[in-house]
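# Structural description and commentary
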Amino acid sequence: MTPADIGHVHDLVVDGDTLLVATHRGLFRLDDGSFRAVGDEAHDLMAMTMLPDGDLVASGHPDLRLAEYKVDGAPPYLGLARSSSGGESWVVVDLLGEADFHALASAEGGIIGADSTGRVWRFDAEGAGQPVGSIAFDVNDLAISPDDDSRLVATSYEGELAASGDAGQTWELNPSAPSITEIEWTDDGLTGASTTGQLWAADDLSAEFEMVGESPPDVETLFVDGAVTLVATRGGQIHRLDDDGSWTLLLRPDDG
């Protein structure tokens, strides 16, 4: 399989020297110039993040070739699945057949997720969750303040931005924010990406976003962690931002 076969890239996670790529066709890894599928389970991974202990959590639609992911009379929703093997295998910890999360973010206190209906859930460290609020748009991405896990930000597929200061119970739209579909919150502040190729930054939710650079267009996924900034764009391409402001193409659709 090549990147042309994987469909959309929904999330990126860096694990040491390995880049994990969550896609419609399962989980893939890119390292040492090679690109390969991880494990035998080809779930449609709509969202994925890494926990502080190094485990992965993901959601989306399960690989229905496998009987353990089928629930009679229920929609094909993966719920919340966890892997302590780098994605080689998964265990559903909650909500199989009940929820399909399109955005997941983690912090020391647990996990927050937004499902395909706009409900916001919080999960404890063991994976037990409950709905705590809702957002008035289809959530594309979520981020948690590294200083206070009661402060959250979410973006929609249309570029809307909303914030919560009470752990996801209530949300307020920010009509003055630029059109941002992908959002990350690190110790350096907020970084957002638009589908048309602009990068935006703000020190905090109370500050105005400023355009700080450009990226390749058609951004589907943004990953920021320290000095590492990556975007995945339509068609399975993955790009890395270099120190000089240019972008290096790490993966293209015709790579095998």
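A brief look at the structure comes next. These numbers come from a predicted model, not from an experiment. (Residues numbered from 1 in each chain as written. Predicted model: local features only at pLDDT ≥ 70, side-chain atom pairs only at ≥ 80, totals over all residues. Heavy atoms only, no water.)

With that out of the way, let us pick up the sheet that holds strand β3 (residues 26-31). Taken together, four strands build an open sheet; the order of strands is β1-β2-β3-β4 and the sheet is antiparallel. For this open sheet the edge positions go to β1 (9-15) and β4 (34-37), each flanked by a neighbour on one side alone. The average undirected angle you get between the axes of adjacent strands in this sheet is 20°. Where β1 and strand β2 (residues 18-23) come together, six bridges link them in antiparallel fashion. Opposite V9, over in β2, you have T23 as the bridge partner. (Pairing = 2+ DSSP bridges. Helix = DSSP H or I, 4+ residues; strand = E, 2+ residues; numbered from the N terminus. Axes fitted to C-alpha atoms, helices over the stretch in contact; angles between N-to-C directions.)

Our focus in this paragraph is the sheet that holds strand β10 (residues 110-115). Spatially, the four strands line up as an open sheet ordered β9-β10-β11-β12, and their pairing is antiparallel. Unpaired on one side and paired on the other, β9 (101-107) and β12 (129-134) mark the two borders of the sheet. Across this sheet, the average inter-strand angle for adjacent strands is 25°, counted without regard to direction. Two elements, β10 and strand β11 (residues 119-123), share four bridges in a ladder whose sense is antiparallel. Following the sheet pairing, G113 is matched in β11 by W121.

This part takes up the pairing of β10. Burial within β10 is extensive, with six of its six residues counted as buried. Sheet topology note: the β9/β10 ladder contains six bridges and is antiparallel. Bridge assignment links A103 to a residue of β10, and that residue is A114. Remark: two residues form the turn of the hairpin made by β9 and β10, two consecutive strands paired antiparallel. Here β10 folds back onto β11 in antiparallel fashion, the turn holding three residues, of which G118 has a positive phi close to 95°. (Buried < 20%, exposed > 50% of the residue type's maximum accessible area, 1.4 Å probe, protein only.)

Together, D147, D148, D149, D187 and D188 give the surface a local cluster of negative charge. Residue position: D148 is located in the loop between β13 (139-144) and β14 (152-156). (Patch = residues over 30% accessible without salt bridge, like charges linked within 9 Å, V, L, I, M, F, W, Y side chains within 5 Å. Areas by Shrake-Rupley, 256 points an atom, 1.4 Å probe, with all protein chains shown as cover. Salt bridge = Lys/Arg side-chain N within 4 Å of Asp/Glu carboxyl O. Lys, Arg positive; Asp, Glu negative; His and termini not counted. Charge placed at Lys NZ, Arg CZ, Asp CG, Glu CD.)

What follows is about the side chain of D141. Along the chain, the position of D141 falls in strand β13. Salt bridges are absent for the buried D141, whose nearest opposite-charge side chain, R122, sits at 14 Å. A distance of 2.8 Å separates a polar atom in the side chain of D141 from the backbone nitrogen of I183. Excluding residues within four positions of it along the chain, D141 makes contact with A103, V153, A154, T155, T181, E182 and I183. (Polar contact = N/O pair within 3.5 Å; in protein donor to acceptor, adjacent residues only side chain to side chain. Contact = heavy atoms within 4.5 Å.)

Further remarks concern the nonpolar core. With 15 residues, the main nonpolar core has I112, I135, V139, L142, A154 and W171 as its most contacted residues. With residues near it in sequence (within four places) discarded, V139 still touches H102, A103, A114, A154, T155 and Y157. (Core = buried A, V, L, I, M, F, W, Y, C linked by side-chain atoms within 4.5 Å.)

The residue D63 is located in the loop between β6 (56-61) and β7 (80-83) in this model. Given a relative accessible area of 5%, D63 falls into the buried group. Not counting chain neighbours up to four residues away, the residues in contact with D63 comprise D40, E41, A42, H43 and Y69.

Let us now look at unusual backbone geometry. In this model, L95 sits at a positive phi of 70°, which is unusual for a non-glycine residue. If you trace the backbone, L95 turns up in the loop between β8 (91-94) and β9. Look at D218: it is not a glycine, yet its phi comes out positive at around 60°. Relative to the assigned elements, D218 resides in the loop between β20 (210-214) and β21 (219-225). The class of D218 is partly exposed, set by a relative accessible area of 33%.

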